[in-house]
Structure formats: C-alpha cells, structure tokens
Amino acid sequence: MTGTRIAALGHYQPAKVLTNHDLAGLVDTDDAWITSRVGIRTRHVAGPDEPVDELAAHAAGKALAAAGLVPDDVDMVLVATSTAIDRSPNTAARVAARLGMTSPATLDLNVVCAGFTHALATADHAVRAGGARRVLVIGADKMTDVTDWTDRTTCVLVGDGAGAVIVEAVDGADAEGAPAGIGPVLWGSVPEMGHAVRIEGTPPRFAQEGQSVYRWATQQLPALARKACERSGVTPEELAGVVLHQANLRIIEPLAAKIGAVNAVVARDVVDSGNTSAASIPMALAKLVERGELPSGAPVLLFGFGGNLSYAGQVIRVP
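Bear in mind that the values here come from a model prediction, so they are computed numbers and not experimental data.

Peer 1: Sorry, what's going on with the nonpolar core here?
Peer 2: As a rule of thumb, nonpolar side chains are buried together in soluble globular proteins. Trp216, Leu221, Leu239, Leu244, Leu301, Phe303 and Phe305 are the most contacted members of the largest nonpolar core, which totals 49 residues. Mapped by element, the contributors of at least two residues to this core are helix 2 (31-37), helix 7 (210-231), strand 11 (241-244), helix 8 (249-259), helix 9 (270-273), strand 13 (299-305) and strand 14 (310-317). Here the element with the most residues in this core is helix 7; it accounts for eight residues. With 34 residues, the next largest nonpolar core counts Val127, Val137, Ile182 and Ala267 among its residues.

Peer 1: Before we go on, may I ask you to explain the pattern of salt bridges in this structure?
Peer 2: One side chain can pair with another of opposite charge once the charged atoms of both are near each other. Per the counting criterion, the structure on display carries 13 salt bridges. With a closest N to O distance of 3.7 Å, Asp145 and Lys142 form a salt bridge. Judged by its relative accessible area of 31%, Asp145 falls in the partly exposed class. The exposure class assigned to Lys142 is buried, which follows from its relative accessible area of 4%.

Peer 1: Whenever I open this one, the sheet that holds strand 12 (residues 265-266) confuses me. Can you help?
Peer 2: Reading across the sheet, the five strands line up as 8-14-13-11-12 and stay open at both edges, with mixed pairing between neighbours. Of all the strands in the sheet, the pair left with one neighbour each is strand 8 (186-189) and strand 12. Bridge count between strand 13 and strand 14: seven bridges; the pairing is antiparallel. Paired with Gly304 across the two strands is Ala312, which belongs to strand 14. The sheet strands contacting helix 5 (residues 115-128) are strand 8, strand 13 and strand 14, and the helix crosses strand 14 at an angle near 60°.

Definitions and cut-offs
Residues numbered from 1 in each chain as written. Predicted model: local features only at pLDDT ≥ 70, side-chain atom pairs only at ≥ 80, totals over all residues. Heavy atoms only, no water. Core = buried A, V, L, I, M, F, W, Y, C linked by side-chain atoms within 4.5 Å. Buried < 20%, exposed > 50% of the residue type's maximum accessible area, 1.4 Å probe, protein only. Helix = DSSP H or I, 4+ residues; strand = E, 2+ residues; numbered from the N terminus. Salt bridge = Lys/Arg side-chain N within 4 Å of Asp/Glu carboxyl O. Pairing = 2+ DSSP bridges. Contact = heavy atoms within 4.5 Å. Axes fitted to C-alpha atoms, helices over the stretch in contact; angles between N-to-C directions.

So, in structure tokens, the structure goes:
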C-alpha cells in the first residue's frame, strides 16, 4: 500500500523583530505584563511589501532545497492561511508562480490556527488516494495585517511567518523499515463556539475570547491529543516531540503536561515568534529539526487548534 512521509522542511520569518519593549510604545503594556500572561518576548513582522504568498514561497524554497528537488517535482501545492488579502488568484497559485511551477494543483485551506495540520492530512489523503505523488504543504500567515494595534489583549500575541514541508509517497515502510511517516488524522470542531476566535469585518480584525479559548484548550484537548497518538499506535510516553499550535505559552505548557508526553521535547517557539496562526506548527517543527533536537525517524505529535474552535492532529516521523 502507498504510504506517505515528510521528506523535508523549511521555514521563513521576516527580518523585522518587534520586542515587548517596542509594543510598550504603542499600547498600555510592558514586558512583564506580556511575558506573565502569554510568554512571548519577540515576534517577526512583515512589511507592507511582503505579502503572505512571498513568505510562503521563501519557506517552500527552503523545503525544496532541503529535499534536493526542483519545483516541478511537486504536483500539488496546499497553503493553509487565513490572512490572504485577495480571493483569486489564491495563495497557492501565487506561490506556484513565484517558484516557476508549470502545472500543479493549487489549493488554499482556511482553518486558521489548525490550518497546517488540516492541510497535512489533506496532502496525506491525496497521495494515498493516488491524486498526487508529491505535495508542497505550507502554513503561512501575516497576522499583523489583521491586527488592531490599539488592543493590547491581541496585538501582543501576533507575528508573521511561514513553514513548509514536502509530503511524498512511500511504498509501505521506508528504507529503514520504519512505518510510513504521517499517521492518521484526528480532526473536528466545536461550531457553536466559533465566535471565540474571529477574523472578521471590513477591514478584517483578529479578536478572541481569551478565557474561553484557554479553558477549552486546557480541558478538552489533552484527551483528543492522546486519541491522535492512539490512532498512530504510539503512546504519549513514546513521543520524542510535541509541537502544538504556538498560541500562548500558558496554554502550551499545561496542555503538553496533560497529554503525558513525559519524554518529549516540547516546542516553545511562541516565545520568540508569537502566534503565527497556520505557520506556527511547521515553523516550530522545522526549527527543532534544524537544531538537531529531534532525531530522524522519531515520532512527533503535531496538534493544531484555535480558529472556528477547530482542531487537527497526527503523529509524524521526523525526516
């Protein structure tokens, strides 16, 4: 049977860094207030001439280079984003054009903060069904485009960036005999609570009900994350890494503890990057792999959650 694996990863962040001290000059806040409530110290901010598709294309180029591939080795591009300004051409098509691709299928997915894990599952399904052999999956968001810089409860959270992976077909087990690299997805939503995280209006603005999101994430998601592990035949204790949506350090740390991944490296990229929505998981994962903190073939839980109160998670093997 055809399986799938992640062949390579890449990430990109804009050069400009916005510190907590910088934010103190914009709104009534300070470093101590921000770090005590969300754990964020810095975030990267894209300029007006850096659209979402440019961020995505940079990350994609790095993933292709890491895999030793050229753009036309890929036959599908999936971009998870909720901050693209234009509806058409979609972000995936613009990324494909930037990379010089000739005829890929191009799709955008908007599941906000859970977008990347939804897109990864979609790529896995497309390959297993024979619809593609190799898929470029990107999470990219420019949250600063949808931020109210007078609202200290949200402007302190956000950052911009992109992360990308190459998903490709494998026949059964890989060369080392390890299981195929992307496990079954567990996904769902809480539609009646969709109002808890919003990007809406004209111009669109990000808003959330922070306490509702915190309670839902810390109380409901641990059991769902453990179920995602169960679907892959992995216990939480066997995980080498846990990469949750980088929403808030006060959510990440208790959630990781409640999952029971006692031997895992827990991604804390939110401290340096802020909440980058769909970019947060692939970006944090790529950095852990780049730094050598996760060994090749090791099982890692990816779990996205947030906007729409949607969630999606799966266990992957490190390339």
